[in-house]
Amino acid sequence: KVTGVQTCALPIWRRGYSTKLRRMFAAMDALGADDSPPGSCIWFVVGLEVSLREWSARQGWCGRAVSASIACGILVAALGTLANHFGLLPRSHAA
């Protein structure tokens, strides 16, 4: 059931949807797409809120389980890449 408040919000959401979708795809491209380890990690752990432990055991690298320390490194590197992609790092720290 859609309420009056939700009906009023639908046009606003739809207007910004294509821009948000383009930004999301650009961010995933910066990570190497969703089939790369960083892209997969961000998609599942950040996007779908799967635990890092579960992602590393089920998805990992090319469908193979990875250790918790490797998974943590992949997540940290992916978050750093996204921070750089969105211009959140000072120029002195950007690679």
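The residue numbering used here restarts from 1 in each chain and proceeds along that chain's sequence as written. Reporting in this predicted model follows two pLDDT cut-offs: at least 70 for local features of residues, and 80 or more for side-chain atom pairs to be given and counted; totals over whole chains, interfaces and linings ignore these cut-offs and use all residues. The side-chain numbers reported here are obtained from all heavy atoms of the structure, hydrogens and water having been left aside.

What to know about the overall build of the protein
Just so we agree on the cut-off: Segments assigned H or I by DSSP are reported as helices when at least four residues long, segments assigned E as strands when at least two residues long, and all are numbered from the N terminus. It only takes one pair of heavy atoms within 4.5 Å for two residues to be counted as in contact.
Along its length, the protein carries four helices and zero strands. Helices (α) and strands (β) of the protein occur, in sequence order from the N terminus, as α-α-α-α. Considering only contacts within the protein whose residues lie at least 6 apart along the sequence, 37% involve residues at least 24 apart.

Considerations on the layout of surface pockets
The condition that has to hold: A pocket, in this scheme, is an open set of points on a 1 Å grid over the protein atoms alone with protein on both sides within 12 Å along at least 5 of 7 lines, while a cavity is a set where a 1.4 Å probe fits but cannot get out; residues line either one if an atom lies within 4 Å of a point. Grid points are joined across faces, edges and corners, and a volume is the space filled by probe spheres set on the points. Classification convention: Asp, Glu, Lys, Arg as charged; Ala, Val, Leu, Ile, Met, Phe, Trp, Tyr, Cys, Pro as nonpolar; all other residues, Gly among them, as polar.
Reported here for the largest pocket is a volume of approximately 160 Å³. In terms of lining residues, the largest pocket is bounded by M24, A27, M28, I42, W43, V46, G47, L82 and F86. Breaking the lining of the largest pocket down by element, the ones donating at least two residues are α1 (4–30) and α2 (37–47). Each residue belonging to the lining of the largest pocket can be placed in one class, and the counts come to eight nonpolar, one polar and no charged.

Topic: the confidence of the model for the protein
Our working definition: The pLDDT score gives, residue by residue, the confidence of the prediction method on a 0 to 100 scale.
On average, residues of the protein carry a pLDDT of 80, and 77% of them reach 70 or more. Per-element averaging of pLDDT across the protein places α1 at the bottom with 67 and helix α4 (residues 68–85) at the top with 93. Counting contacts from residues 1–10, a segment whose pLDDT is below 50, to residues more than four positions away or on other chains yields two contacts.

Considerations on the pattern of salt bridges
Using the following cut-off: Whenever Lys or Arg places a side-chain nitrogen within 4 Å of a carboxyl oxygen from Asp or Glu, that contact is recorded as a salt bridge. Relative accessibility under 20% of the residue-type maximum defines a buried residue, over 50% an exposed one, and the middle range a partly exposed one, all with a 1.4 Å probe and only protein chains included.
The final tally for this structure, using the stated rule, is one salt bridge. A salt bridge links R58 to E54; the shortest N-O distance between them is 3.2 Å. Separated by four residues within a single helix, R58 and E54 lie in helix α3 (residues 52–58), roughly one turn from each other. The exposure class assigned to R58 is exposed, which follows from its relative accessible area of 60%. With a relative accessible area of 34%, E54 lands in the partly exposed category.

As for the nonpolar core
Where we set the bar: What is meant by a nonpolar core is a set of buried Ala, Val, Leu, Ile, Met, Phe, Trp, Tyr and Cys residues, joined one to another through side-chain atoms within 4.5 Å.
Judged by nonpolar contacts, the single largest core of 14 residues is most densely connected at L31, C41, I42, V45, W55, L75 and L82. Mapped by element, the contributors of at least two residues to this core are α1, α2 and α4. Sort the elements by how many residues they give to this core and α4 lands first, with five residues. Apart from residues no more than four positions distant in its own chain, L82 is found in contact with A27, L31 and I42.

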